[in-house]
Amino acid sequence: MAEDVPVEVSGLNHWFGRGEARKQALFDVNLKVSGGSLTVLVGPSGSGKTTLLTLAGCLRDVQEGSVRLLGQELKGAQSDLQRTLRRRLGFIFQAHNLHGSLTALQNVLMGLQVHGRSDPQMQTKAARHTLTLLGLGDRMDYLPDNLSGGQKQRVAVARALVGNPDVVFADEPTAALDRESGATVVQMLKRLGQVRGTTTVMVTHDNRILELVDRIVTLEDGRIVNDTAP
Ligand SMILES: Nc1ncnc2c1ncn2[C@@H]1O[C@H](COP(=O)(O)OP(=O)(O)OP(=O)(O)O)[C@@H](O)[C@H]1O
């Protein structure tokens, strides 16, 4: 079943640039991620973590090799299949990309609108609930400019989670957070894995959270060099 291994990467190679500037960023990467698990990608800057995350998350075209996401092959996938798959995903990025003119609650509601869920009352209830879980119950009506960096990041996390995604792809979601808030976010993702079967793949440089995760995959120079369960 797809959900047993929602992300399966085989023989993945990736290049950037053309001609003399062409540079290989990933070399024969193989990775199977189990459903409901929390996997982190670690490694030095430039080792290919974000490239791998964006390929697995259907945000970049697969050039060579295979990426199966939720049972579907992404290599050569048509854009309507890509769109359908992306609706089942949650994304959390470093630059949290909140809309400056929308409140925290409205930003989180945007995370539901892409899912096409219709009942506005249910949407608002879900958005409020998720923000409250992330400790932002008293900040729902604030604009991003009036939130701290850590609070903005938690709004971005709420937006990614509110649609109950099957897989969450996160790039440094705890970088802007203090230890306690970072641990809260990771524990929440882990709990979603246990309760709802949500799978998380996360790039991180944050050593403080490694003890909380299920699996640590280390990249160096575009290759997986270590794969451990802490
Ligand atoms: N859009 C791009 N154009 C050209 N080269 C790129 C591009 N994106 C990444 N690269 C190159 O691919 C390699 C891997 O980059 P990537 O961002 O995946 O590494 P990373 O491990 O995520 O690094 P960091 O921890 O600094 O975010 C690097 O050599 C980088 O310079």
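Residues numbered from 1 in each chain as written. Predicted model: local features only at pLDDT ≥ 70, side-chain atom pairs only at ≥ 80, totals over all residues. Heavy atoms only, no water.

Under the convention used in this document: UniProt positions are given in the numbering used here, feature names are shortened, and annotations may be inferred rather than shown by experiment.
Labelled according to an unreviewed UniProt entry, the protein chain appears under the name ATP-binding cassette domain-containing protein, originating from Ensifer oleiphilus. UniProt, in its Sequence similarities (unreviewed entry) section for the protein chain, records the words "Belongs to the ABC transporter superfamily."

Focus on the pairing of strand β3 (residues 38-42)
Put simply, the test is: Burial status follows relative accessibility: with a 1.4 Å probe on protein chains alone, a residue under 20% of its type maximum counts as buried, one over 50% as exposed, and anything between as partly exposed. Strands here mean DSSP runs of E at least two residues long; helices mean DSSP runs of H or I at least four residues long; both are numbered from the N terminus. What makes two strands pair is DSSP finding at least two bridges between them.
Taken across its five residues, β3 has five buried, putting it largely inside the fold. Pairing between β3 and strand β9 (residues 215-220): four bridges, direction parallel. By the bridge assignment for β9, Val42 is matched with Thr218.

Things to note about the domain arrangement of the protein chain
Applicable threshold: Domain start and stop points were drawn from an automatic or database domain assignment. We call two residues contacting when some pair of their heavy atoms lies within 4.5 Å. Note: buried area is the sum, over both parts, of the accessible area (probe 1.4 Å) each one loses when the two are combined. Polar contact criterion, stated in full: a pair of N or O atoms within 3.5 Å, where within protein one must be able to donate a hydrogen and the other to accept it, and residues adjacent in sequence count only if both atoms are side-chain atoms. For this scheme, ten residues count as nonpolar: Ala, Val, Leu, Ile, Met, Phe, Trp, Tyr, Cys and Pro. Four count as charged, namely Asp, Glu, Lys and Arg, and the remainder, Gly too, count as polar.
Split into domains, the protein chain comes out as domain 1 (1-88 + 169-230) and domain 2 (97-164). Between domain 1 and domain 2, the C-alpha centre-to-centre distance is 24 Å. With twelve residues of domain 1 in contact, the opposing surface of domain 2 contributes twelve residues. For the domain 1 and domain 2 pair, buried surface summed over both sides reaches about 990 Å², with 68% attributable to carbon and sulfur atoms. When the buried surface of domain 1 facing domain 2 is broken down by residue, Arg87, Met188 and Arg196 rank first, second and third, together holding 44% of it. Put simply, domain 1 and domain 2 have two residue pairs in polar contact (both at pLDDT 80 or more) between them. Taken together, the residues of the side of domain 1 that touches domain 2 break down into seven nonpolar, two polar and three charged.

A short note on the side chain of Thr204
Within the secondary structure, Thr204 is located in the loop between β8 (199-203) and β9. By relative accessible area, which is 1% here, Thr204 ends up buried. Separated by 2.9 Å, the side chain of Thr204 and the backbone nitrogen of Asp206 make a polar contact. With residues near it in sequence (within four places) discarded, Thr204 still touches Val40, Leu41, Val42, Glu172, Thr174, Ile209 and Leu210.

Some thoughts on the nonpolar core
Put simply, the test is: Residues enter a nonpolar core if they are buried and are Ala, Val, Leu, Ile, Met, Phe, Trp, Tyr or Cys, with the set joined through side-chain atoms within 4.5 Å.
Counting residues in hydrophobic clusters, the biggest one holds 38 residues, and the most contacted among them are Val40, Leu131, Val155 and Met202. Within the residue set of this core, elements represented by two or more residues are β3, α3 (104-113), α4 (120-133), α5 (149-161), β7 (167-171) and α6 (179-196). Looking at this core, you find at least three residues from each of domain 1 (1-88 + 169-230) and domain 2 (97-164). With residues up to four places along the chain from it excluded, the contact list for Met202 reads Leu38, Thr39, Val40, Leu41, Leu53, Ala170, Pro173, Val186, Leu189 and Ile209.

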